[in-house]
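Notes for the structure review
Here's the letter readout for the chains.
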Amino acid sequence: MRIANLAQTLLIRNQTLETQARLQTVEQQIASGYKSQVFSGLGGESKKLLDFNQAKSSLGTYIDSIMAAERRSKVMDAAMLQVSEIAKDLRADNIATFPYMNDTSVRQNVLTRAEEAIGTTISALNAQFEGRFLFSGYELATKPVDSTAADIIADAEAVLVANGFPIGTQPVTAADIEAAIDEYLGIAPAGPASYYDSGSSDEVAVRIDANQELTYGVTADDDAFRTVLKGYLMTSLSVSRYDDLEGTAQGSFDTAYTRAREIIEQGDDAVNGNIGQLGIQRQKMEMTRLNHEATIDILTQSISEIQDADVYEAITELQRLQVQLQGSYQVTAQLANLSLVNFI
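What this report covers is the structure whose coordinates are included nearby. Note that the coordinates shown come from a computational prediction; the quantities given were computed from them, not determined experimentally.

**Here we look at the overall build of the protein chain**
Counting secondary structure elements, the protein chain contains 9 helices and 4 strands. For the protein chain, the N- to C-terminal ordering of α and β elements is α-α-α-β-β-α-α-β-β-α-α-α-α. The buried share of the protein chain, taken over its 344 residues, is 41%. Sequence separation of 24 or more characterises 79% of the internal contacts of the protein chain that already satisfy a separation of 6 or more. In the form shown here, the protein chain has an accessible surface area of approximately 18200 Å², with 52% of it arising from carbon and sulfur atoms.

Here is the structure:
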């Protein structure tokens, strides 16, 4: 019979220590849910884990930027829809009041409605969200239109007067009024819009991917808004110059008032074009965001496979190691009591 020696005892004790260490690791896995508390414990998978985490973090940043841009674009969309509704209302008023413009009270009501339309349009273009003016381009802290409706009407009227047509001037024509308004708005000759107080006419951009920036939105000096305001000013100045136009030639006022309606229609079409373009940009944002979210789901699963412990498997391993460790203790105890005397 072989008698236990020192080497056997040391071997069993080393095995017991290894089992204890493994047991401690499994206990940590169950408590934390991770296979290892340090990257080095994952072996060759550690670099993959770092790469996956970095990619996930980058995509999360892009998603945050896209979501912020989506929120802002929704507010811009609502503001432009409001501008479009105002244009439709004033166009309808033009049609309804056209047969009755020889009535002073009707003309006064039209002047009031035109001023209200300009004022409401200004409010829409001054829309703010998350501390920034949305129609000011990159000058986020600058109110795009810092004038009242009365100011804008007076400024356009001042250009008409400066062009040689003060109140009571005959002959003044629809073309004269339109030319003064074009000059004030920077339409013809082309130039800055007089009512626009921001120095930026560029659409803002959002980084939606590592290699892609998306420009979106519109500024308050866009041609669509200039055209809408031109229609309102054409309405206001034509009505305020009713007597001058009527005294110029038969049908001069009718020409001017009809031209105002045509311009409002053109402006409304252009605003709706901007709404459609913004919708396309928002759709691009949404599609990109959804793709990023799907990629993050895949990365999350891959990260989980690398670093997350299988708790059920770990519990089974824990139970197996506990039994093994208990057996090792019993063998060690028995070996400690053995001596040559036991066999004599």
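**Some details on the packing of aromatic side chains**
The geometry of an aromatic ring pair is captured by two quantities: the separation of the ring centres and the angle between the planes. If you walk through the whole model with that rule in mind, you get 4 aromatic pairs. A ring pair is formed by phenylalanine 98 and tyrosine 257, whose centres lie 6.2 Å apart and whose planes are at 15°; its orientation type is stacked. With phenylalanine 98 in the loop between α2 (46-97) and α3 (104-125) and tyrosine 257 in helix α8 (residues 252-307), this pair connects stretches of sequence that are 159 residues apart. Tyrosine 257 sits in the buried class, given a relative accessible area of 1%. One aromatic cluster is present, formed by Phe98, Tyr242, Phe253 and Tyr257 through successive ring pairs. The lysine or arginine in question, arginine 107, covers the ring of tyrosine 242, its NZ or CZ lying 4.0 Å from the ring centre.

**A short note on the packing of helix α4 (residues 149-162) against helix α6 (residues 223-240)**
At a minimum axis separation of 10 Å, α4 and α6 run at an interaxial angle of 60°. α6 is crossed by α4, and the crossing has right-handed handedness. The residues of α6 that touch α4, namely those facing Ile152, Ile153, Ala156, Glu157 and Leu160, are Leu233, Ser236, Leu237 and Ser240. Here the contact of α4 with α6 is composed, by residue class, of 6 nonpolar, 2 polar and 1 charged.

**Side note on the pairing of strand β4 (residues 212-216)**
In this sheet, β4 lies alongside strand β3 (residues 204-209) in antiparallel orientation, the contact comprising 5 bridges. Considered in β4, the bridge of aspartate 209 is made with glutamine 212. Hairpin connection, β3 to β4: the antiparallel pair is bridged by 2 residues.

**Comments concerning the environment of proline 189**
Along the chain, the position of proline 189 falls in the loop between α5 (174-185) and β3. The exposure class of proline 189 is exposed, given its relative accessible area of 65%. Each C-alpha atom, one on proline 189 and one on alanine 179, is 9.3 Å from the other, the two residues being 10 residues apart in sequence.

**Side note on the nonpolar core**
In this structure, Ile118, Phe135, Tyr195, Phe225, Tyr232 and Leu233 are the most contacted members of the largest nonpolar core, which totals 58 residues. Listing elements by their share of this core, those giving two or more residues are α2, α3, α4, α5, α6, α7 (242-248) and α8. If sequence neighbours within four positions are ignored, phenylalanine 135 has contacts with Met76, Ala79, Met80, Ala124, Leu125, Ala127, Pro144, Tyr196, Val218, Thr219, Ala220 and Phe225. Grouped together as the second largest cluster of nonpolar side chains are 8 residues, Ile66, Ala69, Tyr216 and Met285 included.

**Comments concerning unusual backbone geometry**
With omega at 0°, the peptide bond leading from glutamine 170 into proline 171 counts as cis. With respect to the element layout, proline 171 can be found in the loop between α4 and α5.

**Here's the deal with the environment of aspartate 197**
Tracing the backbone through its elements, the reader meets aspartate 197 in the loop between α5 and β3. Assessed through its relative accessible area of 38%, aspartate 197 is described here as partly exposed. Considering only alpha carbons, one finds aspartate 197 and serine 147, 50 residues apart in sequence, at a separation of 8.9 Å. Not counting residues within four places of it along the chain, the set of residues in contact with aspartate 197 comprises Thr142, Lys143, Pro144, Val145, Asp146 and Ser147. Polar contacts involving the side chain of aspartate 197 include one to the main-chain amide nitrogen of aspartate 146, which spans 2.7 Å.

**Things to note about the packing of α4 against α5**
At their nearest, the axes of α4 and α5 sit 8 Å apart, and the two run at 120° to each other. With respect to each other, α4 and α5 are oriented oblique. The two elements α4 and α5 cross, and the hand of that crossing is right-handed. Contacts between α4 and α5 pair Ile152, Asp155, Ala156, Val159 and Leu160 from the former with Asp176, Ile177, Ala180, Glu183 and Tyr184 from the latter. Broken down by class, the residue content of the contact of α4 with α5 amounts to 7 nonpolar, no polar and 3 charged.

Calculation notes
- Residues numbered from 1 in each chain as written.
- Predicted model: local features only at pLDDT ≥ 70, side-chain atom pairs only at ≥ 80, totals over all residues.
- Heavy atoms only, no water.
- Helix = DSSP H or I, 4+ residues; strand = E, 2+ residues; numbered from the N terminus.
- Buried < 20%, exposed > 50% of the residue type's maximum accessible area, 1.4 Å probe, protein only.
- Contact = heavy atoms within 4.5 Å.
- Areas by Shrake-Rupley, 256 points an atom, 1.4 Å probe, with all protein chains shown as cover.
- Phe/Tyr/Trp six-rings, centres within 6.5 Å; stacked < 30°, edge-to-face > 60°.
- Lys NZ or Arg CZ within 6 Å of the ring centre and 35° of its normal.
- Axes fitted to C-alpha atoms, helices over the stretch in contact; angles between N-to-C directions.
- Left-handed = near helix turned anticlockwise from the far one by under 90°.
- Nonpolar A, V, L, I, M, F, W, Y, C, P; charged D, E, K, R; others polar.
- Pairing = 2+ DSSP bridges.
- Core = buried A, V, L, I, M, F, W, Y, C linked by side-chain atoms within 4.5 Å.
- Polar contact = N/O pair within 3.5 Å; in protein donor to acceptor, adjacent residues only side chain to side chain.
- Parallel < 35°, antiparallel > 145°, perpendicular 65-115°, else oblique.

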